[in-house]
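# Observations on the model geometry
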Amino acid sequence: MERTLKLYFKDEHNKYRKIAIQKPKDNLKASEVRPIMEQIITDEAFLNRNNKLKAIGGMKIAYEENLPE
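Residues numbered from 1 in each chain as written. Predicted model: local features only at pLDDT ≥ 70, side-chain atom pairs only at ≥ 80, totals over all residues. Heavy atoms only, no water.

## Concerning the sheet that holds strand E1 (residues 2-11)
- Taken in spatial order, the four strands line up as E2-E1-E4-E3 in an open sheet, and their pairing is antiparallel. The open sheet has two edge strands with one neighbour each: strand E2 (16-22) and strand E3 (47-48).
- Across ten bridges, E1 lies against strand E4 (residues 51-64) in antiparallel orientation. What sits directly across from Phe9, in E4, is Ile56.
- Its contacts with the sheet place helix H1 (residues 30-42) against E1 and E4, and it is angled at close to 145° to E4. (Pairing = 2+ DSSP bridges. Helix = DSSP H or I, 4+ residues; strand = E, 2+ residues; numbered from the N terminus. Contact = heavy atoms within 4.5 Å. Axes fitted to C-alpha atoms, helices over the stretch in contact; angles between N-to-C directions.)

Take a look at the structure:
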């Protein structure tokens, strides 16, 4: 089963944008992720169609398993 950390941001138009990171470390806490997300916003590290990320929208770890053929 593969894990993916999904970071959700709101942009200037109040739309949600997602950054997905595969195989995050075990026992990851929101208190560790939130400062990184804040830094991404402050540094304007990602633009989406020239829309800046403005706020944290949420975060979660998703578990996915491929179905057998």
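## Description of the side chain of Lys6
- Tracing the backbone through its elements, the reader meets Lys6 in strand E1.
- The residues touching Lys6, leaving out its near neighbours within four places in the chain, are Lys18, Ile19, Gly58, Met59, Lys60, Ala62 and Glu64.

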